[in-house]
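# Close look at the chain arrangement
Below are the chains, spelled out letter by letter.
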2 protein chains.
Amino acid sequence: MSLLVVGSVAFDTVKTPFGEAEDVLGGSATYFSTAASYFTDVRMVAVVGSDFPEKHINFLKSRNVDVAGLQRASGSTFRWKGEYGYDLNEAKTLETRLNVFETFKPTIPETYRTSDVVFLANIDPVLQREVLHQIERPKLVACDTMNFWIGGKKAELIKTLAETDILLINESEARELADEPNLVRAARIIQKMGPKTLIVKRGEYGALMFHADGVFSAPAYPLESVFDPTGAGDSFAGGFVGYLDNVKNLNETSLRQAMIFGSVMASFNVEDFSLNRMRSLDYKEIESRYREFRRLTFFEDIV
Amino acid sequence: MSLLVVGSVAFDTVKTPFGEAEDVLGGSATYFSTAASYFTDVRMVAVVGSDFPEKHINFLKSRNVDVAGLQRASGSTFRWKGEYGYDLNEAKTLETRLNVFETFKPTIPETYRTSDVVFLANIDPVLQREVLHQIERPKLVACDTMNFWIGGKKAELIKTLAETDILLINESEARELADEPNLVRAARIIQKMGPKTLIVKRGEYGALMFHADGVFSAPAYPLESVFDPTGAGDSFAGGFVGYLDNVKNLNETSLRQAMIFGSVMASFNVEDFSLNRMRSLDYKEIESRYREFRRLTFFEDIV
């Protein structure tokens, strides 16, 4: 199949209890594409400024990411600055400068219009729909969002969700979107908004998948060193959607395996700042960690 | 084998967003014994006051719990009052009246001295050792504790841990005990204190088991209605230790199954106030939920 992502490409400045990184490569589309690139070919739609160095574009190309949809606008690239405490589950945003992202009008190259699978990373739900409507009959639409849009553009978000098959969001966002503290009930409310499948990301506690056939729980990999959680959610989405695009089916078996591949990619990503861990990652390591997830969760039936 | 528990029997007054219960049956030994009683025979060591009604003792007897070690002292039974918000993970203690528990000197009936498995519920670590030393060569010692003892009697607690095989504690307590925010490293530090196996309870996020052979992750059962989390940890311990006593071995397979039986018992317990859900529970329901845990976590290997 063919996988298209629209999202952000950014420079991140991140501080964690374990170190700092300044103006490093980041952004939802970047993390997603790189993680997904281990499973399938990715087409990227995003915008960067005139300050964006060629070496980052070359890195994406080296991962076989199609950057025909990566616009270059005059001005500065989107910048995000955040900090994490010892509780690495939640980032404290210190500064957001949208820059060229503020006037971003995603236009889809002709060659992208036949994409089968579309991932709408966390951007304005109006933009998400603008991209989606330029694609001819996608087979699968997956989507992310955040509290900023749930609070500020809920009506627009709900229109996007009506056209979405799979929604991937954080636990607190799921509760806020459904206005319901119990997660099982929140999931049912959100599924009625459109997405048949809801994936709730819980940081170091793993992820839950709610869909017609019930619930699936994927743990997070217990890591001895979590350096930087930035991009974990987008790396998860990249592993999840990328694997589904690769296996070309959406049955129960594949969805569950995709949840684990998503968890595997997130677990690697948090081991270093920016996309550094994925720069050296090979597919054998991914397979090996997948099997570690099996050992982490397997138990015998009772007789 | 034979399973002995020492802990509290209490009257709880609990408020949750879903209702209130006043002076209902509670206490760590009560929850533990009742949960364990579905798997094995339990011997209880605890103290109640002159206000403790016969009907509660009859309930324990109806679950085949041996109450020869349940002392009756003159005075009032231990009372705990707590409240939960929508985040049901942490109780806010409003009042603790130790009453007869303040001068509790656990003496072990002669018939209990040969117990193979001992569970030291969350009480003063000095009392935990006093009980333990009255048992002839137990085969397995499991233990719980809380931040109150970690903060106030750490040296005594560490002496108890040196004689413990399995420690079951909450996530924040594990971090505090090890003085280490990363859970994987905290586990290694705690294992060096004595317990070869550490079980970290994470409330609605499930539980992790760290031991020589690696890590096992058990999810919590996603419930639509959590009424009262009181006793969830002790019900978990009851299912876990009770199952191990029943199968009479401690191999990897049994330990993992025990983690799931613990999770099953905790998931039932939180469905109602006090021990109400366990009053009507039968073993077929336990087996059925065990299989639901399999469906919740199972995924295929990759080829």
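So, how was this worked out
- Residues numbered from 1 in each chain as written.
- Chains lettered and ligands numbered in written order.
- Predicted model: local features only at pLDDT ≥ 70, side-chain atom pairs only at ≥ 80, totals over all residues.
- Helix = DSSP H or I, 4+ residues; strand = E, 2+ residues; numbered from the N terminus.
- Buried ≥ 20, exposed ≤ 12 C-beta atoms within 10 Å, placed from the backbone.
- Least-squares fit on C-alpha atoms with pLDDT ≥ 70 in both.
- Contact = placed C-beta atoms within 7 Å.
- Pairing = 2+ DSSP bridges.
- Axes fitted to C-alpha atoms, helices over the stretch in contact; angles between N-to-C directions.
- Parallel < 35°, antiparallel > 145°, perpendicular 65-115°, else oblique.
- Left-handed = near helix turned anticlockwise from the far one by under 90°.
- Nonpolar A, V, L, I, M, F, W, Y, C, P; charged D, E, K, R; others polar.
- Arc of directions from axis to C-beta.
- pLDDT = per-residue confidence, 0-100.

## Quick look at the overall build of chain A
- A tally of regular secondary structure across chain A gives 11 helices and 13 strands.
- C-alpha atoms of chain A, sized along the principal axes, occupy 65 × 40 × 35 Å.
- Sorting the 303 residues of chain A into buried and exposed places 52% on the buried side.

## Examining the relation of the copies chain A and chain B
- With an RMSD of 0.0 Å, chain A superimposes on chain B once it is rotated by 180 degrees and translated 0.0 Å along the axis. What we have between these two chains is a two-fold relation. In terms of proximity to the rotation axis, the leading residue of chain A is Tyr205 of chain A, whose C-alpha is 3.1 Å off the axis.
- Counting the interface residues of chain A, we find that 100% of their copies in chain B are interface residues as well, pointing to one common contact surface.

## Quick word on the sheet that holds strand β7 (residues 92-97) of chain A
All names here are of chain A.
- In spatial order, the strands read β3-β2-β6-β7; together these four strands make up an open sheet with mixed pairing. Every other strand in the sheet has two partners, leaving β3 (19-26) and β7 as the edge strands with one partner each. Between one strand and the next, the sheet's axes are offset by a mean angle of 15 degrees, whatever the strand orientation.
- As defined by bridge partners, strand β2 (residues 10-16) adjoins β3 across six bridges and the pair is classed as antiparallel. What sits directly across from Thr16, in β3, is Gly19.

## Some remarks on the sheet that holds strand β1 (residues 3-6) of chain A
Residue and element names in this part refer to chain A.
- If you walk across this open sheet you meet the nine strands as β5-β4-β1-β8-β9-β10-β11-β12-β13, and the pairing is mixed. At either margin of the open sheet sits one strand with a lone partner, and together these are β5 (65-72) and β13 (214-218). Averaged over all pairs of adjacent strands, the angle between strand axes in this sheet comes to 15 degrees, irrespective of strand direction.
- Summarising the sheet, strand β9 (residues 140-144) and strand β10 (residues 166-170) pair through three bridges and their orientation is parallel. Paired with Asp144 across the two strands is Leu168, which belongs to β10.
- Against the sheet, helix α7 (residues 183-192) engages β10, β11 (197-201) and β12 (207-211), with an angle of about 140 degrees to β11.

## Some remarks on the environment of Ile199 of chain A
Residues and elements named next belong to chain A.
- As for its placement among the helices and strands, Ile199 is situated in strand β11.
- Judged by local crowding, Ile199 falls into the buried class, with 28 C-beta atoms found within 10 Å.
- Here the alpha-carbon distance between Ile199 and Val14, two residues 185 residues apart in the chain, equals 26 Å.
- Apart from residues no more than four positions distant in its own chain, Ile199 is found in contact with Ile166, Leu168, Ala207 and Met209.

## A short note on the packing of helix α3 (residues 125-132) of chain A against helix α5 (residues 154-161) of chain A
All names here are of chain A.
- Packing of α3 against α5 brings their axes to within 8 Å, and their N-to-C directions diverge by 30 degrees. In terms of axis orientation, α3 runs roughly parallel to α5. When you trace α3 past α5, the crossing you get is left-handed. In this structure, α3 uses Pro125, Val126, Gln128 and Arg129 to contact α5, whose residues at the interface are Glu156, Leu157, Lys159 and Thr160.
- A per-class count over the contact of α3 with α5 returns three nonpolar, two polar and three charged.

## Some thoughts on the interface of chain A and chain B
- Between chain A and chain B, the residue contacts involve 31 residues of the former and 31 residues of the latter.
- Among the elements that take part in the side of chain A that touches chain B, helix α11 (residues 283-297) of chain A stands out by supplying six residues, more than any other.

## A closer look at helix α5 (residues 154-161) of chain B
Residue and element names in this part refer to chain B.
- Residues of α5 that are buried: Leu157, Thr160 and Leu161. Projected down its long axis, α5 carries its buried residues within an arc of 100 degrees, all on one side.
- Buried residues along α5 sit in contact with α3 (125-132), β9 (140-144), α4 (147-152) and β10 (166-170).

## Brief notes about helix α6 (residues 171-178) of chain A
All names here are of chain A.
- For α6, the set of buried residues is Glu173, Ala174, Arg175, Leu177 and Ala178.
- Those residues of α6 that are buried are in contact with α4 (147-152), β10, α7 and β11.
- Where α6 terminates, the next one or two residues include Asp179, which has phi positive at roughly 55 degrees.

## A word on the confidence of the model for chain A
- Counting all residues, the mean pLDDT for chain A is 95, and 100% of those residues have values of 70 or more.
- Taken over the whole predicted complex, pTM reads 0.96, whereas the ipTM for its chain interfaces reads 0.94.

## With respect to the pairing of β13 of chain A
Residue and element names in this part refer to chain A.
- Of all five residues in β13, four are buried; the element is thus mostly enclosed.
- Pairing of β12 with β13 involves five bridges; the strand directions are antiparallel. Bridge assignment links Ala207 to a residue of β13, and that residue is Ala218.

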